[in-house]
There are 2 protein chains.
Amino acid sequence: MSKTPPCPEHPSSADAAPAGARRIGIIGAGQLARMMLGPAIELGLTTPVLATDPAESAAAVASRVRLGRHDDEQSVRALADEVEVITFDHEHVPAQILEAIQRDGTAAVRPGPAALVHAQDKLVMRERLTALGHPCPRWWRIASSADLAAALEEAGGRIVVKTPRGGYDAHGVRLIDGADQAEDWLAQHGELLAEELVPFTRELSAQVARRPGGEAIAYPVVQSVQKDGVCYEVVAPAPGLGQEGQRRIQALALSIADDLGVTGMLAVEMFETADGEVLVNELAMRPHNTGHWSMDGAVTGQFEQHLRAVADLPLGSTDPIAPAAVMVNLLGGGAEDLAPGAHAALAADPALKIHLYGKSVRPGRKIGHVTLVGEDAQELLERAHRAERLIIDGPQPTDPATGGDR
Amino acid sequence: MSKTPPCPEHPSSADAAPAGARRIGIIGAGQLARMMLGPAIELGLTTPVLATDPAESAAAVASRVRLGRHDDEQSVRALADEVEVITFDHEHVPAQILEAIQRDGTAAVRPGPAALVHAQDKLVMRERLTALGHPCPRWWRIASSADLAAALEEAGGRIVVKTPRGGYDAHGVRLIDGADQAEDWLAQHGELLAEELVPFTRELSAQVARRPGGEAIAYPVVQSVQKDGVCYEVVAPAPGLGQEGQRRIQALALSIADDLGVTGMLAVEMFETADGEVLVNELAMRPHNTGHWSMDGAVTGQFEQHLRAVADLPLGSTDPIAPAAVMVNLLGGGAEDLAPGAHAALAADPALKIHLYGKSVRPGRKIGHVTLVGEDAQELLERAHRAERLIIDGPQPTDPATGGDR
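Residues numbered from 1 in each chain as written. Chains lettered and ligands numbered in written order. Predicted model: local features only at pLDDT ≥ 70, side-chain atom pairs only at ≥ 80, totals over all residues.

**Q** Would you explain the interface of chain B and chain A in this entry?
**A** Quite often, the size of an interface is put as the accessible area lost when its parts meet. Contacts between chain B and chain A engage 33 residues on the former and 33 residues on the latter. Of all the elements, helix H1 (residues 31–43) of chain B adds the most residues to the side of chain B that touches chain A, at 6 residues. Here the side of chain B that touches chain A is composed, by residue class, of 19 nonpolar, 9 polar and 5 charged. (Contact = placed C-beta atoms within 7 Å. Helix = DSSP H or I, 4+ residues; strand = E, 2+ residues; numbered from the N terminus. Nonpolar A, V, L, I, M, F, W, Y, C, P; charged D, E, K, R; others polar.)

If you want it as structure tokens, here you go:
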């Protein structure tokens, strides 16, 4: 995949940590931290996690767990004290804590707070990407009901409103057609981001990895499908994009990573419009749900790659191992215990890869994902969704797949 | 790959544990236990390890570690008390401990002691395989110097002598040409196994996985090369074996697994002779060094597969993901710190996969391995050995590969 040479004169997030750090502290103990643990073991990296609860997804299976909150400076500092590099399971760590750690040189922060703010604050992100000339939907900074009314008027009566900070998945996003429908958020947040409702044909996502010195590499651009605002299904590579489309979008993601000085994985979620153009939707600076396919479908999975990038180790090949790979999320359904359905799904499909997050089941909650790798994306998707239904709803008495094993 | 249907009437190692066990205790905390941890996390299995030292390879990175010896009944029982299934990092657990646990129903023991004895005791193994009609080198049970002299005479003056128990890698194996050369072992062990020195053309290894009910599946048969009696290099599949040769040897390994009632992974190490026949050399009932290629080269790696088999979960596809895969062991060399060489090796080859065991470096000690997957085994081997030398000896000042990164 596309690779850019290091760019030494660029004002990057370079820091004092030595190349090839061995102790990487992970702030947050969700499934993204959890899925870093296996690759960390193989690479010989030590990866303590900062968890708020010992039962959290990564905390339950990590060998080193520090209990504390990501927004408590003392807790974050205690983690920083025992590692060379700090990285993230999520983006919600206050910038001033990270800046203080960076200033003191306790540990390198990767991605650094100056980059991370673009994944933390959607207004900052929109302002910066627009200034850099990267393609965005039409957007408005909203500080009052009058701003909202004006934006609604310009946008033709409907508008997407987002809280600048703290949102994830469907949280913090609202489609409105009247200025009064976001009064509560305005009162709560002071400022909001408003965006046109993009008439997109599909959603794409581009993952890239970047080292502190600027070496960067792109994964194949994928197609993603959301369900109630949550990532649900991914096909890699994105069907019908072609080599030229792949290269163009990879180049966009690589240039955003470079412009913002990202270290680690960067996911650029995009809308593709009817004319084949793309508009940047969201940024994430960590492994991302739309990259989970790479765990089983690429030479170097995104969790290993993130660790290599933030440890300042040479990046790994992003080549896919087969013509197509798919990922389907397991969103909490009818079954509270996933084991019977997982058993049935493994029996029905020996090539299926199941990844469970060890989280209690709640409706719609991300509790795991499945992947399949092969020749034909459509056929893989059908198999992956059969597995998904078996796992989240449990095997049904009438289900033929449950008769195949035992 | 070849798959046999369950064989319910066969006297198998069936036990009372439910299908789909979730807590698997691992006796021993070497690199084999360590490499089960990543797949266990993804499958949502809990895998406490019994370690003699908290610094052992798996103990250093596992979330649940119980300190105690594998030959101490109380320690093994304490592990059994917290799991549904007991499995192994090595085969050195006394049978009477396992039999007692099995008898009490504390936990299922997989593989069970009646199967495991064939990997623990080479005399028992030879006797049983010979009785079953499986191909073995000519062998003799040695209880006295007179037995040794007779065997030497029959074998033409040179003979391989093995201690029945406790050997591994090159330990417990000696080539002798005089009856006096094994007096010490005779005095120590009482009985020895003697075998003809097989004029083999190469060594092959066949891995299969088998569930308690009898479902079994074979991996591609591989070619292995030893260095001073230690596994050093593996090519998968074995070059030039052909589909017919593959099927024949897979069928042999599957029938040994079934005959002995193995649960989990079974490795059958074999000699290939000039006439294309194979003779069974050794058995191992756990993931095996000759199967490490499958971590990166097959749909289901052997560590995941072993866990699925002993948990009584449906087995995964053993299909290779590319025409060729190679594995080269990292045996302790000149460098005490592997990080600089690993850094250089990753920089030189973005497709390289490095697995480090977190063990201190001693000359010849297994401290990790590398794998590569691709089209041409010879080319992959050259690259893997370049990486091996960089990692075990460290980058040399004159080495061009070290100039490529930073």
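That shown, we press on.
**Q** Before we go on, may I ask you to explain the packing of helix H2 (residues 73–81) of chain A against helix H3 (residues 95–104) of chain A in this structure?
**A** In a packed pair of helices, the relevant descriptors are the angle between the two axes and the axis-to-axis distance. Residues and elements named next belong to chain A. Between H2 and H3, the shortest axis-to-axis distance is 10 Å and the interhelical angle comes to 35°. The two elements H2 and H3 cross, and the hand of that crossing is right-handed. On the side of H2, the interface is formed by Glu-73, Val-76, Arg-77 and Ala-80, while H3 contributes Ile-97, Ala-100 and Ile-101. Grouping the amino acids of the contact of H2 with H3 by side-chain chemistry returns 5 nonpolar, no polar and 2 charged. (Axes fitted to C-alpha atoms, helices over the stretch in contact; angles between N-to-C directions. Left-handed = near helix turned anticlockwise from the far one by under 90°.)

**Q** Could you clarify how one ought to interpret the pairing of strand E11 (residues 200–210) of chain A in this entry?
**A** Regular strands have side chains that alternate between both faces of the sheet. Residue and element names in this part refer to chain A. E11 sits mainly inside the fold: 8 of its 11 residues count as buried. Sheet topology places E11 next to strand E15 (residues 264–273); 10 bridges connect them, and they run antiparallel. Within E15, the position partnered with Gln-207 by the bridge is Ala-267. Two strands pair when backbone bridges link them, and E11 and strand E13 (residues 222–227) are joined in this way by 3 bridges, in the antiparallel orientation. The residue of E13 that forms the bridge with Leu-204 is Gln-223. Looking at chain direction, E11 and strand E12 (residues 216–218) are connected through 3 bridges and run antiparallel. Residue pairing across strands places Ala-209 opposite Ile-217, the latter belonging to E12. In textbook terms, the turn of a hairpin is the stretch between consecutive antiparallel strands, and for E11 and E12 this stretch comprises 5 residues, one of which, Gly-214, has a positive phi near 115°. (Buried ≥ 20, exposed ≤ 12 C-beta atoms within 10 Å, placed from the backbone. Pairing = 2+ DSSP bridges.)

**Q** Explain helix H8 (residues 242–260) of chain B to me, please; I cannot follow it from the model alone.
**A** Because each turn of an α-helix spans 3.6 residues, side chains separated by three or four positions in sequence point in the same direction. An ideal rise of 1.5 Å per residue puts 27 Å on 19 residues; H8(B) measures up with 27 Å between its terminal C-alpha atoms. A positive phi of about 70° marks Gly261(B), the residue just after H8(B). (Expected span 1.5 Å × (residues − 1).)

**Q** Honestly, the sheet that holds strand E5 (residues 85–88) of chain A in this entry has me stumped. Any pointers?
**A** Sheet strands associate in pairs through backbone hydrogen bonding, adopting either a parallel or an antiparallel arrangement. All names here are of chain A. Pairing in this open sheet of 5 strands is parallel, and the strands run E4-E3-E2-E5-E6 from one edge to the other. Looking at which strands have only one partner, the edges of the open sheet turn out to be strand E4 (65–67) and strand E6 (108–109). Relative to strand E3 (residues 49–51), strand E2 (residues 24–27) runs parallel, the two being bridged by 2 bridges. Residue pairing across strands places Ile-26 opposite Val-49, the latter belonging to E3. Sheet contacts for H2: E2, E3, E4 and E5; angle to E2, the most-contacted strand, approximately 160°.

**Q** Please explain the environment of Ala95(A) as it appears in this structure.
**A** In this structure, Ala95(A) sits in helix H3. Put simply, Ala95(A) and Asp71(A) are 24 residues apart on the chain and 9.5 Å apart in space, counted from C-alpha to C-alpha.

**Q** Would you explain the nonpolar core in this entry?
**A** Buried together is how nonpolar side chains tend to be arranged in soluble globular proteins. Val326(A) and Val326(B) are the most contacted members of the largest nonpolar core, which totals 246 residues. Listed in part, the 14 residues of the second largest apolar core include Ile142(B), Ala179(B), Leu192(B) and Ala194(B). (Core = buried A, V, L, I, M, F, W, Y, C linked by C-beta atoms within 7 Å.)

**Q** Sorry if this is basic, but what is going on with the relation of the copies chain B and chain A here?
**A** Note that the two copies of the chain are related through a rotation about an axis and a translation along the same axis. Turning chain B through 180° and shifting it by 0.0 Å along the axis lays it on chain A, with an RMSD of 0.0 Å. Given the turn and translation reported, the copies of this chain are related as if by a two-fold rotation axis. Comparing interface residues between copies, 97% of those in chain B also lie at the interface in chain A; the contact surface is shared. (Least-squares fit on C-alpha atoms with pLDDT ≥ 70 in both.)

**Q** Teacher, can you tell me more about the sheet that holds strand E8 (residues 159–162) of chain B here?
**A** Residue and element names in this part refer to chain B. Taken in spatial order, the 4 strands make up an open sheet running E7-E10-E8-E9, and their pairing is antiparallel. Either end of the sheet is taken by a strand with one partner, and the two such strands are strand E7 (139–142) and strand E9 (173–176). Adjacent strand axes in the sheet meet at a mean angle of 25°, parallel and antiparallel pairs treated alike. Pairing of E8 with E9 involves 4 bridges; the strand directions are antiparallel. Residue pairing across strands places Ile-159 opposite Ile-176, the latter belonging to E9. Helix H5 (residues 122–132) contacts E7, E8 and strand E10 (192–195) of the sheet and is inclined by roughly 55° relative to E10.

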